[in-house]
Protein chains: 2
Amino acid sequence: MADSPRILEHLLKAPPASGRPINYPFLIPNLKGLEAALSVCEALSSSSTTTAKPVESPPTPPQTPPDSPSLDPGRGSVSPAPFPKPTELSIFLAATDSFSLRNTNCTVAESLDRLGPVVQLATSHHIPIRAYISVVLGCPYDGPNVSPITVAEISNKLLDMGCAEISLGDTTGMGTAPRTQALFRVLREAGVPVQRLAGHFHDTYGQALVNCAVALDAGVRVLDSSVAGLGGCPYAKGATGNVATEEIVYFLQSMGLESGVDLETTAEVGDWISRVLGRENGSRVGKALLARKRE
Amino acid sequence: MADSPRILEHLLKAPPASGRPINYPFLIPNLKGLEAALSVCEALSSSSTTTAKPVESPPTPPQTPPDSPSLDPGRGSVSPAPFPKPTELSIFLAATDSFSLRNTNCTVAESLDRLGPVVQLATSHHIPIRAYISVVLGCPYDGPNVSPITVAEISNKLLDMGCAEISLGDTTGMGTAPRTQALFRVLREAGVPVQRLAGHFHDTYGQALVNCAVALDAGVRVLDSSVAGLGGCPYAKGATGNVATEEIVYFLQSMGLESGVDLETTAEVGDWISRVLGRENGSRVGKALLARKRE
């Protein structure tokens, strides 16, 4: 996640090489943020058509079928450039007024009002919006018993607004198996399609993987995670990061579920980033795999 | 766990004050080990009857009902002292010959043969025996696919020998939810009563709590754990300790299950012992609870 237009510009201009498409969920705090992101896209679009010079072209023209737009604006193609845009933008709100007021200085209802035009503008540009709802299973101010009915109401409003996906954030890691199960039951009963939901569990109390298992059992197939369990929450003291990607991938593999993620490479990345940041690798799987490899 | 007769003697002579009885599962490697432990018990028994002197007696005689033996040999009571003995002794073997040969220098069958007289002698002294079976869900030499049928056969033999309880050790932490589930299914089908089973999961791959949940679901009500997740296995490189007691207690509480363990005190103990040992506290629950407390 990053809300800086400069990062967005960099990634749109020079996307890292990858065999699979990578989603960069750019966090859009408000309408101004979205307009800034759209300006970056438009500027890139016009620059890639106006600044294209033959000397910057590759020796041989790219073998592009006539009906396919160039997907490589960095090469300075002279064919009409596409409007480069992020594959997804993200908005965030909270499940409790207490958290919402301290985090975004407005109530949940005000948040929904403010985010309406953001979703509308983004969808008019065919950019899917992912909405994060924070503290769905525990709030640092209101405690663990956040109303699942409120979460369901917010979810339905976000889907009605046009959001493509909702990530349910257990920001504090207070989620327990029974309450996670209850949350998904209430969401189902409220008519929220599970295909539109993602689970976002922090591992502060070591329950994230159990909660992921409960979410999977409820039909959720999108789970947020971070390599080496990086992250945290400035508003929830002592809160650790998301469940480690390594743990999730290992767990999915054990269940015979395909994630498309290479476990060993992820472990290497987690080890590298932990060393760069000078912090303990938060993934047990990562540490165990690498210890075994280095035996 | 400790197999030293000196520790046994110390704990029998001066058991730490506790409102509840504490189990010290003394590890008995072989018949010689059991005989050493029994000598300690006998020596304590005779010393507490022969060295009792009036000057060592408390000012007022203890209010002991006539039919109840004194349970406080340290006070030098002149009433016939009980034969002090550990509440439980432990033996260990493995689920694979590869691990057994490297860990105890004999095959699994030889292990069972050697342990028979140990169990017999202990039960003749009315001391219950707990048997640990190592590597039931993964062996460092044979890999993850340890035969659950072999584990069931060993379990039945141990129960037939007279063992009171069997602790199923996922020594390497390779256990996954589906294989843990399959193991308990095979054990049930083989006629092993789940009431005699304990789960002993290491958290090397972060799966211990998930596996505990699977064990609970299968009817297991005894789970081994260690404060701050202390421990490891010298024969399984990179292996971390048992699942942290704090995580288990927190998880059980979340399910509405009574453990009789005070979570906050356990977290304090885990924090203290981690500092004493100069190692990172391996319990997320412990760290999170203490961070919140010190806010």
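Residues numbered from 1 in each chain as written. Chains lettered and ligands numbered in written order. Predicted model: local features only at pLDDT ≥ 70, side-chain atom pairs only at ≥ 80, totals over all residues. Heavy atoms only, no water.

**Observations regarding the packing of helix α8 (residues 245-254) of chain A against helix α10 (residues 284-293) of chain A**
Residue and element names in this part refer to chain A. Rules: Axis geometry follows a simple rule: fit a line to the C-alpha atoms, using only the stretch in contact for helices, then measure angles between N-to-C directions, giving values from 0 to 180 degrees. For helices the rule is a DSSP run of H or I covering at least 4 residues; for strands it is a run of E covering at least 2, with both sets numbered from the N terminus onward. The scheme is simple: roughly parallel for angles under 35 degrees, roughly antiparallel for over 145, roughly perpendicular for 65 to 115, oblique for anything else. Every residue pair with non-hydrogen atoms within 4.5 Å of one another is taken to be in contact. Polar here means any residue other than Ala, Val, Leu, Ile, Met, Phe, Trp, Tyr, Cys and Pro, which are nonpolar, and Asp, Glu, Lys and Arg, which are charged; Gly is therefore polar.
One way to put it is that α8 packs onto α10 with a least axis distance of 6 Å and a crossing angle of 80°. Considered as vectors, α8 and α10 are oriented roughly perpendicular to each other. Every residue of α10 that contacts α8 at E246, E247 and Y250 is listed here: R284, V285 and G286. A class-by-class count of the residues in the contact of α8 with α10 yields two nonpolar, one polar and three charged.

**Description of the interface of chain A and chain B**
As a reminder of what qualifies: Note on definitions: buried area is the accessible-area loss of two parts on being combined, 1.4 Å probe, summed for both. Only one rule defines a salt bridge in this text: a Lys or Arg side-chain nitrogen within 4 Å of an Asp or Glu carboxyl oxygen.
Contacts between the two partners involve 28 residues from chain A and, on the opposite side, 28 residues from chain B. Taking both sides of the interface into account, the surface hidden between chain A and chain B amounts to around 2,500 Å²; carbon and sulfur atoms contribute 61%. The interface formed by chain A and chain B contains two salt bridges. Measuring nitrogen to oxygen at the nearest pair gives 3.0 Å for the salt bridge that ties R284 of chain A to D203 of chain B.

**A short note on the sheet that holds strand β2 (residues 89-94) of chain A**
All names here are of chain A. Test applied: Between any two strands, pairing holds if DSSP finds at least two bridges.
Across the sheet, which stays open at both edges, the six strands sit in the order β1-β2-β3-β4-β5-β6 with parallel pairing between neighbours. Looking along the sheet, the strands with just one partner apiece sit at the ends: β1 (26-27) and β6 (223-224). Contacting β2 and β3 (129-134), helix α4 (residues 108-124) crosses the sheet at an angle of about 170° to β2.

**Focus: α4 of chain A**
Residues and elements named next belong to chain A. The following threshold applies: Every helix has an expected span of 1.5 Å times one less than the residues it contains. By definition, a residue's bend is the angle between the axes fitted to the seven residues ending there and the seven starting there. Each residue is assigned to one of three classes by its accessible area relative to the maximum for its type, calculated with a 1.4 Å probe on protein chains only: buried under 20%, partly exposed between the two thresholds, exposed over 50%.
With 17 residues, α4 should cover 24 Å at 1.5 Å per step; its first-to-last C-alpha distance of 24 Å lies within 8% of that length. At L115, α4 shows its strongest bend, of approximately 30°, with the proline P117 following within four residues. Among all positions in α4, only V108, S111, L112, L115, G116, V118, V119 and A122 are buried. Directly beyond the C-terminal end of α4, a positive phi value near 60° is found at H126.

**As for the pattern of salt bridges**
Residues and elements named next belong to chain A. Overall, the coordinates contain 18 salt bridges over all chains when judged by the stated rule. E9 is the salt-bridge partner of K13, the closest N and O atoms lying 3.7 Å from each other. Residue K13 and its partner E9 are both found in helix α1 (residues 5-13); the two are separated by four residues, about one turn of the helix. Judged by relative accessible area, K13 falls into the partly exposed class, the value being 45%. Overlapping salt bridges, with partners in common, bring together R130, E165 and D224 in one network.

**Here's the deal with the packing of aromatic side chains**
Going by this rule: Only Phe, Tyr and Trp rings are paired, with Trp represented by its six-membered ring, and only when their centres lie within 6.5 Å; those with planes under 30 degrees apart are stacked, over 60 edge-to-face, the remainder tilted. By the criterion adopted, a ring carries a charge over it if an Arg CZ or a Lys NZ lies within 6 Å of its centre and within 35 degrees of its normal.
Counted according to the given criterion, the structure contains four aromatic pairs over all chains. Pairing F99 of chain B with Y141 of chain B gives two aromatic rings, centres 6.3 Å apart and planes at 40°, and the pair type is tilted. Pair noted here: F99 of chain B is in helix α3 (residues 97-104) and Y141 of chain B is in the loop between β3 (129-134) and α5 (148-161), with a separation of 42 residues, a long-range link. Positioned above the aromatic ring of Y141 of chain A, the side-chain terminus of R102 of chain A is 3.9 Å from the ring centre.

**Thoughts on the sheet that holds strand β4 (residues 165-170) of chain B**
Spatially, six strands are ordered β1-β2-β3-β4-β5-β6 (chain B) in an open sheet, and the strand pairing comes out parallel. Every interior strand has two partners, whereas the edge strands, β1 (26-27) and β6 (223-224) of chain B, have only one.

**Some points on the nonpolar core**
Defined as follows: Residue types Ala, Val, Leu, Ile, Met, Phe, Trp, Tyr and Cys, when buried and joined through side-chain atoms within 4.5 Å, form a set referred to as a nonpolar core.
Core analysis: the biggest nonpolar cluster contains 122 residues, and I91 and L158 of chain A together with L158 of chain B have the highest contact counts within it. Filtering out sequence-adjacent residues up to four positions away, L158 of chain A remains in contact with I91, L93, L112, A131, I133, C163 and I166 of chain A.

**Here's the deal with the environment of S90 of chain A**
All names here are of chain A. Tracing the backbone through its elements, the reader meets S90 in strand β2. Along the sequence, S90 and S167 sit 77 residues apart, while their C-alpha atoms lie 9.8 Å from each other. Not counting residues up to four positions away in its chain, the partners in contact with S90 are P25, F26, L27, I28, R130 and Y132.

**Let's talk about unusual backbone geometry**
Residues and elements named next belong to chain A. Of note in the backbone geometry, H126 takes a positive phi value of approximately 60° without being a glycine. Mapped onto the secondary structure, H126 falls in the loop between α4 and β3. On the accessibility criterion, H126 (66% relative accessible area) is exposed. With phi around 45°, V135 is a residue other than glycine that occupies positive phi space. When you line up the elements, V135 lands in the loop between β3 and α5 (148-161).

**Considering the confidence of the model for chain A**
All names here are of chain A. The test is simple: One number per residue, pLDDT, summarises how confident the predictor is, and it ranges from 0 to 100.
Scored by pLDDT, chain A has a mean of 85; 84% of the residues are at 70 or more. Here helix α2 (residues 31-50) is the element of chain A with the lowest mean pLDDT, 81, and α5 is the one with the highest, 98. This model gives residues 50-81 a pLDDT under 50, and the stretch forms 22 contacts once residues within four places in sequence are excluded.

**Considering the pairing of strand β2 (residues 89-94) of chain B**
The two faces of the sheet receive side chains in turn, since in a regular strand these alternate between them. All names here are of chain B. Where burial is concerned, most of β2 is hidden: five out of the six residues are buried. Sheet topology places β1 next to β2; two bridges connect them, and they run parallel. Paired with F26 across the two strands is L89, which belongs to β2. Two elements, β2 and β3, share six bridges in a ladder whose sense is parallel. Counted as the bridge partner of L89 is I129 from β3.

**Some words on the environment of C163 of chain A**
Residues and elements named next belong to chain A. The topology assignment puts C163 in the loop between α5 and β4 (165-170). Classification of C163 by relative accessible area gives buried; the value is 0%. Spatially, the C-alpha atom of C163 lies 9.6 Å from that of A122, the residues being 41 residues apart in sequence. For C163, the contacting residues outside a window of four places in its chain are I91, V119, I129, A131, L158 and R196.

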